[in-house]
Every structure is written in structure tokens, then in C-alpha cells.
Amino acid sequence: MRERADTKVLPSTPVEKLRLYVVFGLFSLGFLYVVGGLAYRQLIQSRDLKEQSDNQSRRIVLRPPARGRIIDRHGFVLVDNRARWSVKADLAALQKEFRSEYLRLLAAERARQAVQVDTERVMELARVNVLQGWLNKVWFVIDENQPKALRKPAPGEATPLVSPGERKVNIEDLRKHLRERRALPFTLVADLAFPVADAPGGADQGVKSVARFIEQFPVEGPIRLESDIIRTYPFGGMAAHVLGYVKDSDDLPPNVDDIAEVRAESMQKLRQTGKTGAAGVELSFNHVLKGLSGWELWTKTSSGYNQTRLKYSEPMQGSEIRLSLDLRIQRTAESALAEIKDTQGVPLPAAAVMLDVQTGEILALASQPTFDPNRLAGRITFAVYDEVEKSGAWLNRATQGLYPPGSTFKIITAIAGMRRKVVDWDDILECGASYRVGDRDFPEHEPVGYGEVDLDKMLAISCNVWNYQIGLRAGPDALAAEARRFGLDTPLLETSSADGNGAAHTELPYAAGRGLVVPDRDYKLRIKAGPWQDGDTANFSIGQGYLLTSPLHMAAFAASLARGETRTVPTIIHDPNRDGRHRGSSPIGLNNAQLEAIRGGMVRCVEEGTGRSARIPGLPIAAKTGTSEYFKNREKAHLAWMIGYAPADRPVVAFCVLVEGQLDTNTWGGKTAGPVVKQMLETWVGTGEKPAAEPAR
Amino acid sequence: MDQNRQGARASYVALSVFVAGWILLPSAVRRLNREAFVEFQAPALHLVGKSRDLATFWEKKSRGSEELVAAGRDLARINAALELKLKGMEDVRRENTRLREVTRYNVPAEYLSVVARVATRDSSSWWQRIVIRKGRNDGIRPGAPVVFGDTVVGRVTAVHLTTSEVDLVTSPGFRCTAYLEGDDQNRIVLINGVAANSLGTAKARVCVIPYDYLLPAGTPARVTTTGMGGVFPSGLTLGYLDGGAYATQVGNFKESLLVPSRDLYNLQEVSVLVPIIQTPGEALMQGDQFQ
């Protein structure tokens, strides 16, 4: 009983009870605080906290889409996509190997020197060593000509197909990768087929490399084979200036709005490198071709590597674009231009354009020299860039090249003269060996002159003196006004539509428009070349002097002339429903007899005049040749021109060919440009017997 | 009570010591142990295979005379058809020989063929892997292709003294390149086995099918080896493309399933094509020094 009385636990006095209640109260408050806090977190803040947690533990990986194809007007594929097989190392799976190599290197370093070891540097070296080991294995398997990987070739032995540099892990690439994309696999070989693509039989060799890796490299392990899509240009350098090329881009078109339950905008996003247009249609229609990115939602480890893929959505390919180009004519134009060579056997810089007279659709647009966009599709190397730069192939001479049009401008001089009524189609002018303007004799290209010349004969033989006289009678303002009326100073290939960002849009980047010159008195004063002289007018009348235009402009002029109108709006996009109306176009303003005289003179030019080299039996062609002078390395060289349309009686196509002569080449309008025109037209009509298509009236 | 507790503790200690010892053992010893286990069970595998052969023998021997007569008749018809084919082939062979003599073209053999009976299927992955009754003693090496007639069965993945393990084309560890019948441009596609669930059907995936490839109408498209990877000779049948390539892979490429052309359940005998020259892949599999 006594013992029981000593073990009293309950308060017996009011004071003790009060103390107990206070303690209970304090505990209750504390408990309520904890429960309340928990409830607040769980019920009120849960959404934000979950989002925070998700953001820290998840990420979105954006995958680039396949770009849309580009086809010609008949559906032939001009730009496509191909599988690119790359070899990648899963860095998360290599952690053990990194650690083991790190410890080995650290021990060796400590044994070698007693001073403090830079552990960061050792870790980096360990990573490089491990990755290099795997890369050696990859090359060991894929390169059948170098089975003993990384072995230096003995004297006289075949050299490796790839430079040793491509077989080394690039430490800078690795650093960048770990800094920016640690979670993604590291690329060991970017394109299994690429390194040998340029070698003889390289395409087959490339496929063999892929096949050897697939069949011989162990399936399990940290080295993965991944396939993605790369741009391919089946015809190599054909139409390269129109098609353009692509370059690497991390700016992927996002498409993550459909992850309804994830606030994707605040989540970390990793972008796999995609492609974006860098030139040509690839650039100007990038908004159509680019497609929509795919995405993958991943959980990530504390080290930042991807862990589990929770959801994904496949990328969507970009839309297809149908160009107005005709593959057959384009190929003919390029091969014909390639046949015109200088004394060293190097093809001369040149351009060729063919248009549909009614619609303005461009059937061929060739520029020489050209480049192979396939070599730029993977990674643009400095070597390739410099090679293209050195050859001058970046310039699209058909749209960006600026040249004096020479005698092809004489048609405009004649139109200006007849519209100003200073000459008519049947007027005959006496044309001697030269024409005196001021104190200078302006020469005829025929030493004895042509005697009596009318419009028809002038166009056939390209008489200079006739044009000096008419140009001076009409005056420079009339010549300039006429040139402007035909749009020689108006940028082409601009569309009224806008791209995806609402920006102004041209069908080809840097299209014809910059630097065009239709000179007048103000222009000469503006460039501080002094006041306008009659000699300037004489030069202007034969398409020389300050006048600068592009081959595309002259082709558009020929198309306008064929329809008896002033403007043609060329386009590179095919539209079977195009109505053939051209913005800003109006009738030329000549009567039928005058128009017929111009047409007749242009037909005579081909039948018996300076353009005989373009003659095709059975196909009436209306054309005008031109040989203008330009300065190359401060010395005079010749530009060969030919513009026109065919068939002459019911025009369907218009054309322009330009060849840049060199100092040591004998370059003349008809002789040099004529054969190119002939081959293009022969291709257009098929066998050269009749037109391939009825004119679209 | 105390004795029981002590006994339990002792067994836990023993287990821990064993596990720790196993973990600390050098990998070479562990590998040797595994090899020894495989070699230990090899006679049993041989016995199983031979028992099955014997069972088949008696099953056939017990058939009635009418059945045998009917089978003999069918066989005679097949023989007649084959003889006709053989005559046509004989002309081709003669022409081939003549051309080789004229051009002095002498192609060295690339493979040695080793015929082997199937001992058993690996129960751990059911029909994805088989075990054959030939091994290192018979010259078989890892990585060698395994065929039946002109059809690919799989690849040798592990070789023991008298047995070898073969991954079938439907195994997730199997990967090779192939051509699709009807693709004039001969673009390569990737064949990859797919892990089947325990009751599912084994299958292989055909990846990176060009977007513009159209299945030939009528007969299913044959899928053949390319011969470019250095492992499989060209032109062997891998199987047939499952009707209708389905979902795109990365926007531009299609994917489909491969229907193996031979019933992989009933394989009795296969040929192992052992490459005369060791391939780099084989060296990697064996962990050889490749420098």
C-alpha cells in the first residue's frame, strides 16, 4: 500500500492541474500548428509544390522534326531526307567506367607527383580516355580498310579514309556537351556514312560502315546506334542556288502545348540539334518546311541524367513544296553551261533562266559555278566553306548577278523611240562605221558599217549606230523611263504573302533587287560622276555605261515582250491555277505593226543574224543577242547575252542566258550563249520537233 | 530457444560470408565457375536432344503402311519437281564454271559450314534462344551466323566446349541490316528482335523503312540480308514483311514487323557458317586486344 502511495502520477492539487492544462494546451497548439501547416502545404500549396518538384525532377527533351520535301513541277524529288546513323555514348551508363578510370589516373598522378592534384582535370581526362576507348572500338569495327584501328599506315600503304582528327574525342565538344546537354548521349560519330562520302565509291563505303556497325558492334552496352534525319539533295549541285542548304540550329519549333497536365513553359527544356534553312528555298520557305518538334518528358537523376521517359510525342514532318522548276530543263541548262570553259578548262561563270511566258513560273534557274549542298547538310566545315567561297559559287548569278545588258537592251531603246515617235518600224536610218557624239566617235562593231538599216534589220544584226541615233533623239529620260516601265529597277521574287512570323517575304533570299541601276541625270550626280553627257546617252542606248540588271530581269522582260505587256512577275512556286495576271503590268503601248516588226527582227536574229547558233529547225525562235563589256581585274572582258522567247508565233517560254567571259576568252553573245539556249529549248520541246505543251492562253 | 537463435544467427553469418566471398571473387574465377556449370549440364542437354531424336524416330517408325505409302507418293512428286529444277540449275552451274575458268576468277570460301542438331531451347528466354549440340571442339566461334537452308535462324552468342547458344532473329540481342523486296534502290533497313512477354509471340522489328517504299501487291515482301555488314552472306531470307508498315518512326520512316519464314518452334537442325577470317565484331565479343 505504501509503495502505491509513492507512485502517484495524477495531479491532485489545482495548481498542478493548471500546470498540466497549460502544458497540454501548448502541445495542442504545437500539434495544431504542425497539422495546419501540413494541411496548408497539402491542400493549398500542393499544386505549386508539385510543379516545383516536377520542374526539379523532370525535363522535356525536344526532338527535331523531318523537314518537308521539295519537288519540281512534275513531282520529281529535288530535296529529300535520308537516314543518318550516328553512334552515341550513354554517359549515365558509363559512370562506373569513368569512376574506375578516374581512380586509376588519380593513383598514377599521386604516385608521380606529391603536389596537389587537380581532380577536375583528372576527371575530364578519365572521361576522354573512356570515350576514346569506345571510339577506337567503333572505328575498329566500321573501317574495313583499317582493321587495326588507329594504327599508323606503313609507307606505301593506303591512307585511312578519314583523317585521324575524326577518330579522336574532341575535348571541347565534350566540355560543351557536359555543360549544356549532360542528359543527352554524347555523339562519338555524327554520321557513319559521311566521312567517306567524298571518296571514290564513297556512298557504298558509307552504307557498308553503317551495316558493319549494326551487325558487328555489341547490341548491349553504353554505345548506341541512333538514326535521325538529314537533308539529302539527290541531284547534288543541281539548282543548288534555288534549293539552298541547311545548317545546325537549336531553335526547334516547339510543340509542347499538348502536355496538358504539365506546365511546360517553366520546365527545363533540352533541345537536340535540328536543322534550319540557311539559303535558297530552304531559308525563304523555312516556315513551311520546318515542321513541328516532337517532345519527350523525362524524369532526371540527381546528377542531371535522364532516367525514365514518362511521355512522348513524335515530331511532325514539314509540308512539301512544289517548285515551278522543270528538272529536265534545269539539268540541261546546267550541263550546257558547264561545257563553256576558259583556256584552263574551268567552266566560266554563267547563268541561265527559262520562264513560262504566261504565268511567269521559272522553269530553270541555273547559276555557275555551283556547290553540292550535300556537303553542307551534316556539319558545315571550314574547308568546304572556303572551297565554295574561293570558287565564287555562293553567288546566284541568275538573280544576284548585276551586269550591263549590252545589245539586248536595244529592244527597249527601239520601244522608247517608237513610243516617243522619234522613229517608226519602217524608218530607214543610214548607219556608218561609227557615230560622232560630241568630240568622240562611237564605233559600230562592223568596221565598214551597215548602210541603210531599219528596225527589223537592226535587231537581226544588232546595229549600234541605229541605237546611238534613236537614243539621242529620245533622250536619256525616255530610255530610263522605258527601262523602269519594264521593271529593270524593281526587285523580283517578292511576294505579297508573309512568312510564319509575319515578316515580308521573298521567294529567294537576297533575290534580284539589290544594286539594280537604271541611270539618269540624278543618278550620275548622286555618284559624283559629274553631269550627264550625250556620250552617256549613247552608251545607255546600247545597254552599256551605268546600267546594271540581272539575268532574271532580262528573262522577265523577254516574257513581257512575248505577251506584249510591260511586267512579268516571276515565281519559283508552281501553282496549276495561276491566272497569268501580272501585278503592275500594262500593254506595251505599240501598235501591231511595231510589235510585229520587233518580233520579226528577233526571228531574223536567229534565222540569219547574230543568234544563228540557237537555231532549231521547225521551231521559230525570237531572240536578241548581246555582247557587253565589263571590267574584270580592271581590264575589259566580255559578257555574252541572249534573251528571247519561243515559239515566236505563239510564245510559251522565255529565256535569258549570260556568260561571264574572262580576259583570255573569246566570248560573244550569239556564239557563246546561243548553244545553251538551243539545248534548253531542245529539251523543252522533247526531240526538237514540236512544242511539248500548248501555250496556256 | 537460445540454441535456435544461435543456429539462425550462424546461418545468416554463413550466407553473408558466402555472398561477400562471391562478390569479392575475381571475375575470372566467377566466369570459370559459370563455364564449369554450363559444361556440367552439357551432357544433360545432349541427352535431352538425343532423346527427342529417338522419340521422333520411334514415332515415325510406328506409322502405318498406308500413311507411309502416301508420304512416299508425295515425296516422289516433290523429287520430280526438284529434279526438273536441278536440271535448270545444272546449266547455270556449268555456265558459271565456264565463266570462272575464262576469267580465272577464283573466289575463296568465306565460311565453313558446320551442321548441328538443336539440343534444347533456353528456358529463360523461351524461343528467343536455342542451344545446339556443337561447340568450340567443332570449330564454332561466337558471332557466327546460323542458317537453315537459305533462311537465317540467328547468331551464335556463346560457345562452350560441346554446345553453343544461338540468339534467334526474334531475340532482342539480334540486330542486322536487310533489303526489302521491291525496293529498287536497295536501301538498307534495320532488323531488331523485340523482347516478347512470357506468353506473347516472338517478333522482330523492321525499322527505318523508307517513306516511299510500297509493299508489293499480292505476295508478302521478302526481307533478305545485305551482305554488307561482314557477318551474314548476302541474299539469305530473314523473313517476310508483315502486311502494312505501320506508324512512322521519326516523321519520315516507317516501321513494320518481321514474320520469320521458318517456324522457329520446330527447328531440328541448323548450319553454323563459321567465318574463315575472324571479324572485328567477333574480336570485340571475345574481348580480344584489337590494337
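This text goes with the structure placed above it.
The structure contained in this document is the topic of the report that follows. Here the structure is a predicted model, which means the values were calculated and not measured. (Residues numbered from 1 in each chain as written. Chains lettered and ligands numbered in written order. Predicted model: local features only at pLDDT ≥ 70, side-chain atom pairs only at ≥ 80, totals over all residues. Heavy atoms only, no water.)

Focus on the overall build of chain A
At step 1: Across its full length, chain A holds 22 helices and 22 strands.
At step 2: In chain A, which comprises 697 residues, the proportion classed as buried is 51%.
At step 3: Of all intrachain contacts in chain A linking residues separated by at least 6 positions in sequence, the fraction that spans at least 24 positions is 73%.
At step 4: A total of about 33000 Å² of accessible surface is found on chain A, and carbon and sulfur atoms cover 51% of it. (Helix = DSSP H or I, 4+ residues; strand = E, 2+ residues; numbered from the N terminus. Buried < 20%, exposed > 50% of the residue type's maximum accessible area, 1.4 Å probe, protein only. Contact = heavy atoms within 4.5 Å. Areas by Shrake-Rupley, 256 points an atom, 1.4 Å probe, with all protein chains shown as cover.)

Quick notes on the overall build of chain B
At step 1: When you go through chain B residue by residue, the secondary structure sums to four helices and 13 strands.
At step 2: Nonlocal contacts in chain B, meaning residues at least 24 apart in sequence, comprise 59% of its contacts between residues at least 6 apart.
At step 3: Carbon and sulfur atoms form 59% of the exposed surface of chain B, whose accessible area is close to 17400 Å².

Points about the sheet that holds strand β22 (residues 653-660) of chain A
Residue and element names in this part refer to chain A.
At step 1: Read from one edge to the other, the open sheet built from five strands follows the order β13-β12-β22-β21-β20, with strand pairing classed as antiparallel. Two strands bound the open sheet, and with one partner strand each, they are β13 (362-368) and β20 (622-632). For this sheet, the mean inter-axis angle between neighbouring strands, taken without regard to orientation, is 10°.
At step 2: Direction of pairing for strand β12 (residues 350-356) relative to β22: antiparallel, over a ladder of seven bridges. Note that in β22 the partner of A350 across the bridge is V659. (Pairing = 2+ DSSP bridges. Axes fitted to C-alpha atoms, helices over the stretch in contact; angles between N-to-C directions.)

Topic: the interface of chain A and chain B
One frequent convention defines the size of an interface as the accessible area lost when the parts assemble.
At step 1: Each side of the interface is counted separately: chain A has 33 residues, and chain B has 29 residues.
At step 2: Taking both partners together, chain A and chain B bury about 2900 Å²; carbon and sulfur atoms supply 62% of that area.
At step 3: Interface area lost by chain A to chain B is led by F140(A), E215(A) and Q216(A), which between them contribute 25%.
At step 4: Here chain A is connected to chain B by zero salt bridges.
At step 5: The interface formed by chain A and chain B contains six residue pairs in polar contact (both at pLDDT 80 or more). (Buried area = accessible area lost by both parts, 1.4 Å probe. Salt bridge = Lys/Arg side-chain N within 4 Å of Asp/Glu carboxyl O. Polar contact = N/O pair within 3.5 Å; in protein donor to acceptor, adjacent residues only side chain to side chain.)

Here we look at helix α3 (residues 65-103) of chain B
Structural remark: α-helix, 3.6 residues per turn; residues separated by three or four positions point the same way.
At step 1: Its 39 residues place the ends of α3(B) 54 Å apart at the C-alpha level, agreeing with the 57 Å of an ideal helix rising 1.5 Å per residue.
At step 2: Count one or two residues on from α3(B) and you reach R104(B), which has phi positive near 50°. (Expected span 1.5 Å × (residues − 1).)

Looking at the environment of N592(A)
All names here are of chain A.
At step 1: Structurally, N592 is set in helix α21 (residues 592-607).
At step 2: With a relative accessible area of 64%, N592 lands in the exposed category.
At step 3: Sequence separation between N592 and G564 is 28 residues; the distance between their C-alpha atoms is 9.6 Å.

Section: the sheet that holds strand β9 (residues 294-300) of chain A
Residue and element names in this part refer to chain A.
At step 1: Taken together, four strands build an open sheet; the order of strands is β7-β1-β9-β10 and the sheet is mixed. With one partner strand each, in any of the chains shown, β7 (269-271) and β10 (306-313) form the two edges of the open sheet. Across the sheet, the mean angle from the axis of one strand to that of its neighbour is 30°, orientation sign disregarded.
At step 2: Sheet topology note: the β9/β10 ladder contains six bridges and is antiparallel. The residue of β10 that forms the bridge with W298 is R309.

A look at unusual backbone geometry
All names here are of chain A.
At step 1: The step from Q368 to P369 runs through a cis peptide bond, and the omega angle for that step is 0°.
At step 2: Relative to the helices and strands, P369 is located in the loop between β13 and α12 (374-377).
At step 3: In this structure, the amide linkage connecting A646 to the following residue, P647, adopts the cis form with an omega of -15°.
At step 4: Relative to the assigned elements, P647 resides in the loop between β21 (635-646) and β22.
At step 5: The backbone phi angle of K421 is positive, close to 60°, even though this residue is not glycine.
At step 6: Among the secondary structure elements, K421 is positioned in the loop between α14 (410-419) and β14 (429-431).
At step 7: For S462, which is not glycine, the phi torsion reads 65° and is therefore positive.
At step 8: Looking at the secondary structure, you find S462 in the loop between α15 (455-461) and α16 (464-474).
At step 9: Under the relative-accessibility criterion, S462 is labelled buried at 4%.

Description of the nonpolar core
Nonpolar side chains tend toward joint burial in soluble globular proteins.
At step 1: Among the nonpolar cores identified, the biggest contains 98 residues, and L323(A), W466(A) and I598(A) are the most heavily contacted of them.
At step 2: Broken down by element, the residue count for this core peaks at nine residues, all from helix α20 (residues 551-563) of chain A.
At step 3: There are two domains that each give this core at least three residues, and those are domain 2 (59-320) and domain 3 (327-382 + 397-493 + 505-685) of chain A.
At step 4: V128(A), L188(A), V189(A) and V208(B) belong to the second-largest nonpolar core, a separate cluster that totals 51 residues. (Core = buried A, V, L, I, M, F, W, Y, C linked by side-chain atoms within 4.5 Å. Domains from an automatic or database assignment.)

A look at the pattern of salt bridges
All names here are of chain A.
At step 1: Taken as a whole and assessed by the stated rule, the structure comprises 46 salt bridges over all chains.
At step 2: With a shortest N-O distance of 2.8 Å, E282 and R231 are connected by a salt bridge. Highlighted residues: E282 in helix α9 (residues 280-284) and R231 in strand β5 (residues 223-232), separated in sequence by 51 residues. For the pair formed by E282 and R231, the shared burial category is buried.
At step 3: In this structure, D579 and R581 form a salt bridge, with 2.9 Å as the shortest nitrogen-oxygen distance.

Remarks on the pairing of strand β4 (residues 151-159) of chain B
Residue and element names in this part refer to chain B.
At step 1: With eight of its nine residues buried, β4 lies for the most part within the structure.
At step 2: The sheet contact formed by strand β3 (residues 145-148) and β4 spans four bridges and is antiparallel. Directly across from P145, in β4, lies its bridge partner R155.
At step 3: Hairpin connection between β3 and β4: a loop of two residues separates the two successive antiparallel strands, and G149 in this loop has a positive phi of roughly 65°.
At step 4: If you look at the hairpin formed by β4 and strand β5 (residues 164-168), you'll find four residues sitting between the two strands.

Details of helix α5 (residues 119-142) of chain A
Residue and element names in this part refer to chain A.
At step 1: The terminal C-alpha atoms of α5, which comprises 24 residues, lie 35 Å apart, in line with the 34 Å expected from a rise of 1.5 Å per residue.
At step 2: Burial analysis of α5 places 17 of its 24 residues in the buried class, which makes it a mostly covered element.
At step 3: Its side-chain oxygen placed 3.2 Å from the backbone nitrogen of E120, D118 serves as the N-cap of α5.

Structural notes on the packing of aromatic side chains
Residue and element names in this part refer to chain A.
At step 1: Tallied over the full model, the rule gives 14 aromatic pairs over all chains.
At step 2: Aromatic ring contacts, followed pair by pair, group Y245, F371, Y385 and W394 into a single cluster.
At step 3: The residue whose ring lies beneath K137 is W134, and the NZ or CZ to ring-centre distance is 4.3 Å.
At step 4: In this structure, R440 packs its charged tip against the face of F442, placed 4.1 Å from the ring centre. (Phe/Tyr/Trp six-rings, centres within 6.5 Å; stacked < 30°, edge-to-face > 60°. Lys NZ or Arg CZ within 6 Å of the ring centre and 35° of its normal.)

Some words on a nonpolar patch on the surface
All names here are of chain B.
At step 1: Taken together, the side chains of L15, F18, V19, W22, I23, L24, L25 and V29 make up a nonpolar region of the molecular surface, amounting to roughly 780 Å² of accessible area.
At step 2: Element by element, the count of residues in the nonpolar patch is highest for helix α1 (residues 2-24), at six residues.
At step 3: By relative accessible area, F18 is classed as exposed at 58%. (Patch = residues over 30% accessible without salt bridge, like charges linked within 9 Å, V, L, I, M, F, W, Y side chains within 5 Å.)

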